[in-house]
Amino acid sequence: MKGFLLLSILKMLFVFTVIMVGVALLTLLERKVSAWMQNRHGPNRVGWAGLLQPAADGLKNILKEETYPALATRTLFFLAPAMSFIPALLLSAVIPFAAPLPLDFDFALGQLGRFAWHGAMPMVVADLPIGFLFVLAISSLGVYGVALAGWSSNSKYALLGGLRASAQMISYEVAMGMSLIPVLLLSGNVSFGAIIRDQQAGLWYVLPLFLSFFIFLVSGFAETNRLPFDLPEAESELIAGYHTEYSAMKFSFFFIAEYANVVTVCAMVTTLFFGGWDIPGHWDEQGGVLQTLATGGFFFLKLMFWIFVVMWVRWTLPRFRYDQLMALGWKVLTPLALAYIIVMCVAIYLIEHVAGLTDPTLRSLALFGVNVVIGLLVFGLLDSGVFIRGADRRPAASEVVG
Amino acid sequence: MAIGVKVLKRPERQVSYVRATLKGMALTFKHMFEPKVTLQYPEQKSSADWSISQRWRGTHRMLTDEQGRSKCVACGLCPQICPSNCIKLVPGEDEEGNRYPLIYEIDEFRCIFCGYCQEVCPEEAIHMGVHFENSEYTRGRFVYDLERLHAQTHPVSTLWDPSDPRGQ
């Protein structure tokens, strides 16, 4: 028991440090990526290639004066950054980041008693049996921070930003949650460990559940309030949205929360659809220090790739109009996710019980075939502009009833 | 037709959201590997495709003759033409009757860098400079006296030549 506690504390420290340092470096990476995409260098003055820029920013924000708007609700105004920051950090606790590490120790530490651990240690702070349900539950708490920050600022821009954020996050949560049901159908389990094991046995879920992946990724963008769905911030319309009135470190906390959410969404994408720490092949299933390190590194690579994609999208796509955002969420992604659940139910039933394919790889391949057909259909329709209309799609003169 | 208004034909049917998105992504990705256009300023002040214009009008410079004396003859034309009244000139005269400036001060904060002083100067003494790094620690340092104007070493700006309007 004490061994478990000790290891948990160590893992907590490790994950917390990595997330905080990582988030700081992500702010730099974001600026670098944006710069590269605009033929610029990006920050390169502080430290080697600008690596100390986040530290300089942090120092600046700690030393700055914290202002309160005169008519702000001070308690909530003070609490809101923490309320968006804590759920964002909590989520990093349930993501497995490497193959289980075989450990065997048994020692006594004076007054503290004996610390012992035998067997494989899962490389995750909390190996929760409820898995991604926990992530869905906690990530929806983040909306409180944003909405309350907007409301307690007593500023119209902040309020509008907070309203938009809450509407947007609640809308896309529906699609996000439903896009994960096919994952549950396929793996038969919600825990991340079981999902990764199932993907090791068969194919990564991105192939058999491509549309789930697509819906999850798009809703993930919306959930983290990133471009092209950054309407809560929308600097050209709302100054800075819900954090307009915030200054100094409280302002930074919103940024830390945003980037921590990005990390979580990318880690979710990696874990649920790209095999988590799984390296293709069966080498990594043996268990060992080397395997743990290699899988950890591979997980990190996949994670960084998705984080890069998030930034790449941000610096490519313009912002949606609000009605387009809502149309995409409610009229496209939610029905699509619902229809996909039904199709996948039928497909999995047919494949497993009628065709009798129980080998995970064959089953995944068959589902992949189904996905290719659905994917072509969906993307064809999306591409034709049937679902989302541009601003210039006015009715032709002949269509107008005179 | 009054004026040439270009009427854009709006697409009847908006096609391609997915393809347009992918196209945009490909474009931004391509840009990541293109050469950077940034001029790394303090280290690098000009590049192959950019350098400061020869007609740049920056802080002044007073030219001197071979003996190191000011070329200025204190004729008073520059304070006369100066639209912002930033030149202070007190003329003096030596035993041989040569006029010279006793006090010649330019308040660079008042100066609007129009370049009239250089244009009007009959002796080609006062010049605008091709120079832009003017930081000082006190406001007083921005009133350049004669000594300071002499000490400047940056190149002087070239006047606009009507016969060669593009400076080629």
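Residues numbered from 1 in each chain as written. Chains lettered and ligands numbered in written order. Predicted model: local features only at pLDDT ≥ 70, side-chain atom pairs only at ≥ 80, totals over all residues.

S.K.: Please clarify how the overall build of chain B should be interpreted in this entry.
M.R.: Each helix and strand counted, chain B has four helices and five strands in total. Ordered by position from N to C terminus, the α and β elements of chain B give α-β-α-β-β-α-β-β-α. On C-alpha atoms alone, chain B measures out to a radius of gyration of 26 Å, which is more than a quarter above the 15 Å that the 2.2 N^0.38 rule sets for 168 residues. The dimensions of chain B, computed from C-alpha atoms along their principal axes, are 90 × 50 × 35 Å. Sorting the 168 residues of chain B into buried and exposed places 18% on the buried side. (Helix = DSSP H or I, 4+ residues; strand = E, 2+ residues; numbered from the N terminus. Rg over C-alpha atoms; globule rule 2.2 N^0.38 Å. Buried ≥ 20, exposed ≤ 12 C-beta atoms within 10 Å, placed from the backbone.)

S.K.: Before we go on, may I ask you to explain helix 12 (residues 322-354) of chain A in this structure?
M.R.: Given 3.6 residues per turn, any residue in an α-helix points the same way as the ones three and four places further on. All names here are of chain A. In this model helix 12 runs 45 Å from its N-terminal to its C-terminal C-alpha over 33 residues, within 8% of the 48 Å that 1.5 Å per residue would give. Taken as a whole, helix 12 carries its principal kink of about 30 degrees at Leu 328. Turning to helix 12, its buried residues are Leu 325, Leu 328, Gly 329, Leu 333, Thr 334, Leu 336, Ala 337, Tyr 340, Met 344, Ala 347 and Ile 351. Close packing links the buried residues of helix 12 with helix 5 (156-179), helix 6 (181-187), helix 8 (210-223) and helix 13 (360-383). Looking one or two residues beyond helix 12, the residue adopting positive phi is Gly 356, at roughly 70 degrees. (Expected span 1.5 Å × (residues − 1). Bend = angle between axes of the 7 residues up to and from the residue. Contact = placed C-beta atoms within 7 Å.)

S.K.: Honestly, the packing of helix 1 (residues 2-37) of chain A against helix 2 (residues 53-63) of chain A in this entry has me stumped. Any pointers?
M.R.: When two helices pack together, their arrangement is given by the angle between the helix axes and the distance between those axes. Residues and elements named next belong to chain A. In the contact formed by helix 1 and helix 2, the axes pass within 8 Å of each other and the chain directions differ by 110 degrees. One element, helix 1, and the other, helix 2, form an angle in the roughly perpendicular class. Across the interface between the two elements, Ala 24, Leu 25, Thr 27 and Leu 28 of helix 1 pack against Gln 53, Pro 54, Asp 57 and Gly 58 of helix 2. (Axes fitted to C-alpha atoms, helices over the stretch in contact; angles between N-to-C directions. Parallel < 35°, antiparallel > 145°, perpendicular 65-115°, else oblique.)

S.K.: Just to check I follow, could you spell out the nonpolar core for this structure?
M.R.: Within soluble globular proteins, side chains that are nonpolar generally end up buried alongside one another. One finds Ile 215, Ala 260, Val 263, Cys 266, Val 269, Phe 273 and Ile 307 of chain A to be the most contacted residues of the largest nonpolar core, which totals 104 residues. Element by element, the count of residues in this core is highest for helix 10 (residues 248-273) of chain A, at 15 residues. Once residues lying within four places of it in the same chain are set aside, the contact partners of Val 263 of chain A are Ile 19, Gly 22, Val 23, Ser 92 and Ile 307 of chain A. Within the second largest apolar cluster, 17 residues are counted, among which are Met 62, Cys 72, Cys 78 and Cys 111 of chain B. (Core = buried A, V, L, I, M, F, W, Y, C linked by C-beta atoms within 7 Å.)

S.K.: Sorry if this is basic, but what is going on with the environment of Gly 380 of chain A here?
M.R.: Residues and elements named next belong to chain A. Considering the arrangement of structural elements, one finds Gly 380 in helix 13. For Gly 380, a count of 11 C-beta atoms within 10 Å gives the class exposed. In the structure, Gly 380 is positioned 86 residues away from Ala 294 in sequence and 39 Å away in space, judged by C-alpha atoms.

S.K.: Hey, could you run me through the confidence of the model for chain B in this one?
M.R.: The predicted coordinates of low-pLDDT regions are not to be read in fine detail. Residues and elements named next belong to chain B. Chain-level pLDDT for chain B is 85 on average; 93% of the residues reach the 70-or-more range. Here helix 1 (residues 18-31) stands out as the element of chain B with the lowest mean pLDDT, 87, in contrast to helix 2 (residues 77-81), whose mean of 91 is the highest. Among the prediction metrics, the complex's ipTM stands at 0.74, with pTM recorded as 0.81. (pLDDT = per-residue confidence, 0-100.)

S.K.: Help me out: how do you make sense of the pairing of strand 3 (residues 99-107) of chain B in this one?
M.R.: Looking along a regular strand, one sees side chains alternate from face to face of the sheet. All names here are of chain B. Sheet topology places strand 2 (residues 87-93) next to strand 3; seven bridges connect them, and they run antiparallel. Bridging from a neighbouring strand, Gly 92 pairs with Tyr 100 of strand 3. A loop of five residues connects strand 2 with strand 3, the two strands running antiparallel in sequence, and Gly 97 in this loop sits at a positive phi of about 85 degrees. (Pairing = 2+ DSSP bridges.)

S.K.: Looking at this structure, how should I read unusual backbone geometry?
M.R.: The general pattern is negative phi for most residues beyond glycine and trans for most peptide bonds. The backbone of Asn 225 of chain A shows a phi angle near 55 degrees, a positive value even though the residue is not glycine. Structurally, Asn 225 of chain A can be placed in the loop between helix 8 and helix 9 (235-238). Positive phi is not limited to glycine here, since Glu 124 of chain B has a value of about 50 degrees. Relative to the helices and strands, Glu 124 of chain B is located in the loop between helix 3 (116-120) and strand 4 (126-129).

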